[in-house]
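Report on the structure
Chain by chain, the residues run as shown.
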Amino acid sequence: MSENGGLQAWATSRIAAWSDLGSILNRLERKRDHTVTETLRAIELYRALGRDLSIVRRTLPASRMTRALAQSYARLHAVIYRKPHNWRERLRSLFQDEIPQVVRELRGAIQLVALVFALTAGAGWWLINTYPELIGLLASEQMIDGVEGGKLWTEDIVNVAPSSVISVSILANNITVSIVAFVLGVFFGLGTFYIIAMNGFMLGGIFAFTHQHGMSGELLEFVLAHGLVELSVICIAGAAGMMLGESLIRPTHATRRESFRHAAGKTSKVLLLCALLLIVCGFIEGYVSPDPDYPMINRVVIGFGWWIVMWAALSGRLFGGGKKTSLQDEQG
Amino acid sequence: MSSPQITLQTVTGVDVELTIAGPGSRAYAFVIDWHIRLLLALQWLLVGHLIFFRGLKMTPNPGSSYVLWVWLPTVLIYVFYHPVLEIAMRGRTPGKRIAGVRLVTREGDIPSAGSLLLRNVFRILDSLPVCYLVGLITVVLTEHHVRIGDIAAGTLLVMDHDSSASSFASTTAAKSGLTPQAADLIQELLDRWPALDEHTRGTIARTLLARVEPQIAADDLARLTSLDLRERLLAKLARQ
């Protein structure tokens, strides 16, 4: 039998096995919990496909059949080497162990970012206090006119739109700011620094402006219930961004790309928790903060209460993981 | 210039080769997805509007229900199209499927939900300043044609043509006396038939037929029309 004849005979014998490869692979990819029989069949198919691919690569290189078999082999390889998936266990591990671990690593960066925020807030306060006419750089004309007329812009929020709409728009905005503070860390941390500094500067400047008109107490009352967690979360997202920048400046792996990938994968876990915390902050800012019926003491309790919950979540204690990780820390 | 490839070594000793999708395939998939998500979002907006106002009329202040049930889902469909579908379709989206590409990890695996979310978080940066300019420049300049989101998430966009059915079908032609190489070439030509101009496909088809049917005279081959040539090639593959 000629070489081509042998190849023909072999291809004909294998065609039955290849004809429904597509549907088998789709089934295997779609399902996550395979039975032992299915797993053994998949492994057997993987071996058989490996043999077939090896033969066609030698006999029919660069042919469509080779490409199709290589494609199927790559898909089956991905299915077989896919990591076991247990979303409950994954979430438990994420909130109990992984996020607290990252937060501990970020501790220094969080302190640094908080310091930058405080210093720029102080600078904003000083600038507007010294040169009140510069408030036009930080606030809109409408806001300035309102405060000069003895009325905070926050008083009108619920008249403009209902609390539900305000909450959704605020939480979307805050999450976007946090994400931007994080991803701009890719510019060697400078983008993050800019976002944090601008936010601090504006907060300080606006407080100085309202103070000049005897309304800083009212603004503090508005900010207290949601602001503690909101500003903390922005600082944490900023710290995560700083870590991204640092991974490029001082790579921890063989290449900067690898170092960046590692840092992004690690710090993004914290960002997930930050987003969840900001969702609640959005609802506090939409329903509690603009409502004059809430007395100061309630706002203090809500603000500090949610702030304590935030730190309990970040340390893993809220999910029952704090003690274990603290112990590991001491041992480490 | 051939597309870059990554080779994964496996325990069976048979390497897995993945062809990296270039900027063209990536942009093609994105444009399709962009249209789909825009149409889906607009469809929700239009249907929601029609149901809410019982027609196309508009009230100046439609209220919070309109924002929450009509506008918000419209924005959510647009913003979460990529992350939700990439997770649900294991690294694919309708646009990627049509463009014949899919996302994999650097180890060739299906990316995790976390990686896909992270990849989409960096979309903010990749889309700067307009029209995904940062992402496009990164894709063109990097070895594996990846945007910043892919670098952060450790993902790659690879070619994923589902051509197995027709490729394996062509091997049945082995029974007709064709060599597997010739059957493969004929199948390739037939697949690309609509994309080739008449002169090119006629020349290739005549060359192929002269090789697999040496008994046909050159004059007879020259007289065959494009339709006849295609019929003959199909008959060669279909003959049992």
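Residues numbered from 1 in each chain as written. Chains lettered and ligands numbered in written order. Predicted model: local features only at pLDDT ≥ 70, side-chain atom pairs only at ≥ 80, totals over all residues.

Points about the overall build of chain A
Heads up, the rule is: Strands here are runs of E lasting at least two residues and helices are runs of H or I lasting at least four, both read from the DSSP assignment and numbered beginning at the N terminus. What the globule rule says is 2.2 Å times the number of residues to the power 0.38, and the radius of gyration is computed from C-alpha atoms. Each residue is classified by how many other C-beta atoms fall within 10 Å of its C-beta atom, where C-beta atoms are placed from the backbone; a count of 20 or more means buried, 12 or fewer means exposed, and values in between mean partly exposed. By definition, residue pairs are in contact when their C-beta atoms, positioned from the backbone, come within 7 Å.
Scanning chain A from N- to C-terminus turns up 13 helices and zero strands. In terms of overall size, chain A is more extended than a compact globule, its C-alpha atoms giving a radius of gyration of 29 Å where 332 residues would be expected to give roughly 20 Å. In terms of overall dimensions, chain A has C-alpha extents of about 100 × 50 × 40 Å along its principal axes. Burial statistics for chain A: of 332 residues in total, 40% are counted as buried. Across chain A, the fraction of contacts at a sequence separation of at least 24, relative to all contacts at a separation of at least 6, is 79%.

Some remarks on the overall build of chain B
A count of helical and extended segments in chain B gives twelve helices and four strands. The C-alpha radius of gyration of chain B comes to 25 Å, more than 25% above the 18 Å expected for a compact globule of 240 residues. Considering only C-alpha atoms, chain B reaches an extent of 80 × 50 × 30 Å along its principal axes. In chain B, buried positions account for 31% of the 240 residues. Taking as baseline every contact in chain B between residues at least 6 positions apart, the subset at least 24 positions apart corresponds to 61%.

A word on the domain arrangement of chain A
This is how it is decided: Domain boundaries shown here were taken from an automatic or database domain assignment.
Here chain A is described as being made up of domain 1 (3–80) and domain 2 (87–331). Its C-alpha centre places domain 1 of chain A at a distance of 52 Å from the equivalent point of domain 2 of chain A.

Quick word on the packing of helix H5 (residues 87–130) of chain A against helix H10 (residues 216–249) of chain A
When two helices pack together, you describe them by how their axes are tilted relative to each other and by the distance separating the axes. Residue and element names in this part refer to chain A. Applied cut-off: Axis lines are fitted through C-alpha atoms, for helices just across the contact stretch, and the angle between N-to-C directions can take any value from 0 to 180 degrees. The sense of a crossing depends on the near helix, which, turned anticlockwise from the far helix by less than a right angle, makes the crossing left-handed and, turned clockwise, makes it right-handed. Put simply, Ala, Val, Leu, Ile, Met, Phe, Trp, Tyr, Cys and Pro go in the nonpolar bin, Asp, Glu, Lys and Arg in the charged bin, and everything else, Gly too, in the polar bin.
As a packed pair, H5 and H10 sit with axes 8 Å apart at the nearest point and diverge in direction by 120°. For the crossing formed where H5 meets H10, the hand is right-handed. Contact with H5, carried on its side by Leu 106, Ala 109, Ile 110, Leu 112, Val 113, Ala 114 and Phe 117, involves Cys 235, Ile 236, Gly 238, Ala 239, Ala 240, Met 242 and Met 243 of H10 and no other residues of that element. Its residues assigned to classes, the contact of H5 with H10 shows 13 nonpolar, one polar and no charged.

Here's the deal with the domain arrangement of chain B
Annotation of chain B at the domain level lists domain 1 (5–159) and domain 2 (165–232). Each of domain 1 of chain B and domain 2 of chain B was reduced to a C-alpha centroid, and the two centroids are 39 Å apart.

Section: the interface of chain B and chain A
Each side of the interface is counted separately: chain B has 42 residues, and chain A has 43 residues. Residue assignment for the side of chain B that touches chain A shows that the elements contributing at least two residues are strand S2 (16–19), helix H2 (64–88), helix H4 (113–121), helix H5 (123–126), helix H7 (148–153), helix H8 (164–171) and helix H9 (180–192) of chain B. The element contributing the most residues to the side of chain B that touches chain A is H8 of chain B, with six residues. Its residues assigned to classes, the side of chain B that touches chain A comprises 20 nonpolar, 15 polar and seven charged.

Some points on the packing of H5 of chain A against helix H11 (residues 256–288) of chain A
Residues and elements named next belong to chain A. Convention followed: An angle below 35 degrees is treated as roughly parallel, one above 145 as roughly antiparallel, one from 65 to 115 as roughly perpendicular, and anything else as oblique.
At a closest axis distance of 9 Å, the pairing of H5 and H11 adopts a crossing angle of 110°. As far as their axial angle goes, H11 and H5 are roughly perpendicular. Considering the relative orientation of H5 and H11, their crossing is left-handed. Counted together, Leu 94, Glu 98, Ile 99, Val 102, Val 103 and Leu 106 of H5 and Lys 266, Thr 267, Lys 269, Val 270 and Leu 273 of H11 form the full contact between these two elements. Its residues assigned to classes, the contact of H5 with H11 comprises seven nonpolar, one polar and three charged.

Looking at helix H12 (residues 296–314) of chain A
Residues and elements named next belong to chain A. Selection criterion: What a helix is expected to span follows from its residue count: subtract one and scale by 1.5 Å. It is the directions from the helix axis to the C-beta atoms whose arc is reported.
Look at H12: 27 Å from first C-alpha to last across 19 residues, which is about the 27 Å you get at 1.5 Å a residue. Turning to H12, its buried residues are Arg 299, Gly 303, Met 310 and Leu 314. Taken around the axis of H12, the buried residues stretch over an arc of 30°, which confines them to a single face. The elements touched by buried residues of H12 are H5, H10 and H11. Just downstream of H12 lies Gly 316, where phi reads positive at about 85°.

Examining the nonpolar core
Heads up, the condition is: To form a nonpolar core, buried Ala, Val, Leu, Ile, Met, Phe, Trp, Tyr and Cys residues must be joined through C-beta atoms within 7 Å.
The biggest cluster of nonpolar side chains holds 108 residues, and the ones touching the most others in it are Leu 106, Ile 236, Ala 237, Ala 239, Ala 240, Val 270 and Cys 274 of chain A. A per-element tally of this core places H10 of chain A first, with 17 residues. Each residue touching Ile 236 of chain A, except ones within four places of it in the same chain, is listed here: Ile 110, Val 270 and Cys 274 of chain A. Of all hydrophobic cores here, the second largest spans eight residues; its members include Ala 182, Ile 186, Ala 205 and Leu 229 of chain B.

Brief notes about unusual backbone geometry
Residues and elements named next belong to chain B. Following Leu 128, the chain continues to Pro 129 via a peptide bond in cis, the omega torsion being -20°. Position of Pro 129 relative to the elements: it lies in the loop between H5 and helix H6 (133–141). Positive phi, normally seen in glycine, also occurs at Arg 90, with a value near 50°. By the secondary structure assignment, Arg 90 is in the loop between H2 and helix H3 (94–99). One non-glycine residue, His 145, adopts positive backbone phi at about 50°. Tracing the backbone through its elements, the reader meets His 145 in the loop between H6 and H7.

Quick look at the confidence of the model for chain B
The line we're drawing: Scored between 0 and 100, pLDDT is the confidence that the predictor attaches to each residue.
For chain B, per-residue confidence averages 87 on the pLDDT scale, and 92% of positions sit at 70 or higher. The ipTM value of the predicted complex is 0.85, and its pTM value is 0.84.

Concerning the environment of Tyr 194 of chain A
Residue and element names in this part refer to chain A. Counting through the fold element by element, Tyr 194 comes out in helix H9 (residues 190–212). For Tyr 194, a count of 13 C-beta atoms within 10 Å translates into the label partly exposed. On a C-alpha basis, the gap between Tyr 194 and Asp 52 in space is 57 Å, while along the polypeptide they are 142 residues apart.

Side note on the environment of Ala 210 of chain B
Residues and elements named next belong to chain B. On the secondary structure map, Ala 210 appears in helix H10 (residues 198–212). On the neighbour-count criterion, Ala 210 (13 C-beta atoms within 10 Å) is partly exposed. C-alpha separation for the pair Ala 210 and Leu 221, spaced eleven residues apart in sequence, amounts to 7.8 Å.

Points about the environment of Leu 76 of chain B
Residues and elements named next belong to chain B. Take Leu 76: it is sitting in helix H2. In this structure Leu 76 comes out as partly exposed when scored by C-beta crowding, with 14 C-beta atoms within 10 Å. Between the C-alpha atom of Leu 76 and that of Asp 219, which follows or precedes it by 143 residues, the distance is 64 Å.

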